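Overview (structure and organization)
Chain by chain, the residues:
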Amino acid sequence: MVETGTGTLPAYTETLPRTSVSVGRARRLVVLALNVWGMDEDLWDSAQLVISELLTNAVQHARRDSVRVTVTRLGDQRVRVSVVDLCRKRPQRRAARANEEGGRGLEIVDFLSGGKWGVDPMPWGKRVWVDLGVGEEPPGE
């Protein structure tokens, strides 16, 4: 269990090295959590893509050697995925040109979450979170 802003909710969390290899490990953590909780497989692809985008941003832009990935169950078919890193700089959405390989990650996150994502500043870094799925909103949202 992880203490969240909405009370104590079931969660899976793992500290990973801040390397590109960790993206696959984070995707597996997401699938494990969603499978254990019996969530629709339709949600799996979106959650895996979102955690990949969040973790890739942290690998490219954060500092220190590790990041923390958390998957929190918000409801029967609702989940929050988040990445904590030790960099205070907020991720910035930008318009990528057609010939650029990168720069679309936050656009993808925004689309898949219906705009339900954000950044929680912390004294030593930040948490970037994304809510996915359908159903009742968690208390306080």
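Located above this text is the structure these notes cover.
First, a word on scope: everything that follows refers to the structure included in this document. Remember, it's a predicted structure, so these values are computed and weren't measured experimentally. (Residues numbered from 1 in each chain as written. Predicted model: local features only at pLDDT ≥ 70, side-chain atom pairs only at ≥ 80, totals over all residues. Heavy atoms only, no water.)

A word on the environment of Leu74
One can find Leu74 in strand S4 (residues 66–75). Judged by its relative accessible area of 14%, Leu74 is buried. Residues Leu74 and Pro10, spaced 64 residues apart in sequence, show a C-alpha to C-alpha distance of 8.2 Å. (Helix = DSSP H or I, 4+ residues; strand = E, 2+ residues; numbered from the N terminus. Buried < 20%, exposed > 50% of the residue type's maximum accessible area, 1.4 Å probe, protein only.)

A word on the pattern of salt bridges
Counted under the stated rule, the structure contains 6 salt bridges. For Arg80, the salt bridge is made with Asp131, and the minimal N-O distance between the two is 2.5 Å. Highlighted residues: Arg80 in strand S5 (residues 78–85) and Asp131 in strand S7 (residues 125–133), separated in sequence by 51 residues. Considered together, Arg80 and Asp131 belong to a single accessibility category, that of buried residues. Two residues, Asp120 and Arg127, come together in a salt bridge whose shortest N-O distance is 3.4 Å. Under the relative-accessibility criterion, Arg127 is labelled partly exposed at 28%. Via salt bridges that share partners, Arg78, Arg80 and Asp131 belong to a single interconnected network. (Salt bridge = Lys/Arg side-chain N within 4 Å of Asp/Glu carboxyl O.)

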